[in-house]
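Tertiary structure, described
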Amino acid sequence: MRLFAGLSVAILLSAGAAGAGQAGLVEPALHIAPGGAGAPRVALTFDACMGATDMRILSTLIDNRMPATIFVTARWLKRNRDVFAQMRAHPDLFEIENHGAMHVPAVDRPAKIYGIAAAGSPGAVEAEVEGGAAAIRAAGAAAPGWFRGATARYIPSAIAAIRRRGFRIAGYSVNGDGGSLLGARAAEKRIAAARDGDVVIAHINQPTHAAGEGVVKGLLALKAKGYSFVKLSDVQADGSDGTTAAANVGF
């Protein structure tokens with residue numbers, strides 16, 4: 001997702017927001033049902049876009065028994081079979097969900113988002129969504145029920161089409177690592193500031209980035225404050241822009 005070398009995070013955020021408005025794109029939010037003052041909780045979600053695995057994060061999740069929802073692409077699966085097996089060995093901690101086949105934005109018309117060419121047509125969006133789901137099933141995991149597209153930006157018509165395929169679309173409420181471009185301290189502060197009911201997004205595929213260190217520290221800070229962690233399937237989750245509302249299945 002937002003991993004675009006050579007651009008500052010500030011430029012990405014300002015230019016991306018303006019571009020989204022001009023192109024009619026939306027960046028959906030997602031929250032879970034809060035646990036309340038005595039039992040605050042957040043949902044941890046991690047994108048595995050392509051490349052390798054940040055074992056700093058994965059080891060922290062396992063060692064501290066922190067459940068999380070992992071969104072994987074077919075591209076990431078091809079290179080990380082051993083790690084995927086490790087995740088599947090902890091079904092109480094990890095659920096595997098769909099991040100697409102090739103990590104292209106699920107937008108059904110020609111566009112570029114953060115410099116990444118979108119799928120560009122309804123058929124290409126379908127291929128991206130169904131290709132990711134097929135790769136997860138082929139790897140031996142359960143069929144996914146959630147989808148998160150590359151860049152986490154969509155066009156309303158694509159949202160409707162994905163929902164008709166039976167997938168809920170995972171937005172977020174806390175951008176924990178700025179596409180893995182943030183420094184360690186900034187990522188730590190963002191995640192540590194999460195509130196009851198938030199859905200945190202971060203990346204688990206950038207082991208050389210400083211952001212991963214901050215993600216780990218932020219998670220441990222939340223744990224120290226008494227927060228618990230849940231997978232998206234564990235609780236009620238409500239998204240904006242029609243991303244989780246009931247939909248008719250089938251194109």
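Model, not experiment: these values are computed from the prediction.

Let us look at the overall build of the chain. The number of helices and strands found in the chain is 8 helices and 12 strands. Here the chain holds 251 residues, and the buried ones make up 53% of them. Partitioning the contacts of the chain with sequence separation of at least 6, the portion at a separation of at least 24 is 81%. Approximately 9900 Å² of the chain is accessible, and the part contributed by carbon and sulfur atoms is 55%.

On to the packing of helix 2 (residues 55-63) against helix 4 (residues 81-88). In the contact formed by helix 2 and helix 4, the axes pass within 12 Å of each other and the chain directions differ by 15°. Comparing the axis directions of helix 2 and helix 4 gives the class roughly parallel. Handedness of the helix 2/helix 4 crossing: left-handed. In this structure, helix 2 uses Met55, Leu58 and Ile62 to contact helix 4, whose residues at the interface are Val83, Gln86 and Met87. When grouped by side-chain class, the residues that make up the contact of helix 2 with helix 4 number 5 nonpolar, 1 polar and no charged.

All right, on to empty space enclosed by the protein then. For the structure on display, the rule yields 2 cavities of 30 Å³ or more. Considered as a void within the structure, the second largest cavity measures approximately 30 Å³ in volume. Every residue lining the second largest cavity is listed: Asp54, Arg56, Asp177, Ser180, His203, Gln206, His209, Ala211, Gly212 and Val215. Broken down by element, the residue count for the lining of the second largest cavity peaks at 3 residues, all from helix 8 (residues 211-224).

If you look at the biggest cluster of nonpolar residues, it comprises 37 residues, and the most contacted ones within it are Leu44, Phe46, Leu61, Met87 and Phe94. Not counting residues up to four positions away in its chain, the partners in contact with Phe46 are Ile57, Leu61, Ala68, Thr69, Ile70, Phe71, Ala202, His203, Ile204, Val215 and Leu219. Counting 14 residues, the second largest nonpolar core, distinct from the first, contains Ile32, Ala170, Tyr172 and Leu232.

Another aspect to go through is the packing of helix 7 (residues 184-192) against helix 8. Running from N to C, helix 7 and helix 8 cross one another at 30°; their axes reach a closest spacing of 7 Å. The orientation of helix 7 with respect to helix 8, classified from their angle, is roughly parallel. Classified by chirality, the crossing of helix 8 by helix 7 is right-handed. Touching Ala184, Ala187, Glu188, Ile191 and Ala192 of helix 7 are Ala211, Glu213, Gly214, Val215, Lys217, Gly218, Leu219, Ala221 and Leu222, all from helix 8. For the contact of helix 7 with helix 8, the per-class residue count stands at 9 nonpolar, 2 polar and 3 charged.

Turning to the confidence of the model for the chain, a few remarks are in order. Within the chain, residue pLDDT values average 91, and 88% of them lie at 70 or more. Here residues 1-22 is modelled with pLDDT under 50, and outside its nearest four sequence neighbours on either side it reaches 42 contacts, counting other chains as well.

Right, let's talk about the pattern of salt bridges for a bit. Considering all chains together, one arrives at 9 salt bridges under this definition. Close ionic contact of Glu27 with Arg153 constitutes a salt bridge, the shortest N to O distance being 2.9 Å. With a gap of 126 residues between them, Glu27 in the loop between helix 1 (9-23) and strand 1 (30-32) and Arg153 in the loop between strand 7 (146-147) and helix 6 (156-164) connect regions that are remote in the sequence. Between Arg165 and Glu130 there is a salt bridge, with its nearest N and O atoms 2.8 Å apart. Here Arg165, found in the loop between helix 6 and strand 8 (168-169), pairs with Glu130, found in helix 5 (residues 122-138); they are 35 residues apart in sequence, far enough to count as distant. The class for Arg165 is partly exposed, based on a relative accessible area of 29%. In this structure, a network of salt bridges that share partners links the residues Glu126, Glu130 and Arg165.

In this fold, Ser180 is placed in the loop between strand 9 (174-175) and helix 7. In sequence terms Ser180 and Ala211 are 31 residues apart; their C-alpha atoms lie 5.4 Å from each other.

What follows deals with helix 6. Regarding helix 6, the residues found buried are Ala158, Ile159, Ala161, Ile162 and Arg163. Elements that come into contact with the buried residues of helix 6 comprise helix 5, strand 7 and strand 8. Within two residues after helix 6, Gly166 carries a phi angle of roughly 95°, on the positive side.

We now examine unusual backbone geometry. Positive phi, normally seen in glycine, also occurs at Tyr114, with a value near 50°. Taking relative accessible area as the criterion, Tyr114 reaches 16% and is therefore assigned buried. With a phi close to 60°, Ala152 is a non-glycine residue in the positive phi region. In this structure, Ala152 sits in the loop between strand 7 and helix 6. Residue Ala152 is classed as buried on the basis of its relative accessible area of 2%.

What counts, and where the lines are drawn
- Residues numbered from 1 in each chain as written.
- Predicted model: local features only at pLDDT ≥ 70, side-chain atom pairs only at ≥ 80, totals over all residues.
- Heavy atoms only, no water.
- Helix = DSSP H or I, 4+ residues; strand = E, 2+ residues; numbered from the N terminus.
- Buried < 20%, exposed > 50% of the residue type's maximum accessible area, 1.4 Å probe, protein only.
- Contact = heavy atoms within 4.5 Å.
- Areas by Shrake-Rupley, 256 points an atom, 1.4 Å probe, with all protein chains shown as cover.
- Axes fitted to C-alpha atoms, helices over the stretch in contact; angles between N-to-C directions.
- Parallel < 35°, antiparallel > 145°, perpendicular 65-115°, else oblique.
- Left-handed = near helix turned anticlockwise from the far one by under 90°.
- Nonpolar A, V, L, I, M, F, W, Y, C, P; charged D, E, K, R; others polar.
- 1 Å grid on protein atoms, 1.4 Å probe; cavity = no way out; pocket = protein on both sides within 12 Å on 5 of 7 lines; lining within 4 Å.
- Points joined across faces, edges and corners; volume = space filled by probe spheres on them.
- Core = buried A, V, L, I, M, F, W, Y, C linked by side-chain atoms within 4.5 Å.
- pLDDT = per-residue confidence, 0-100.
- Salt bridge = Lys/Arg side-chain N within 4 Å of Asp/Glu carboxyl O.

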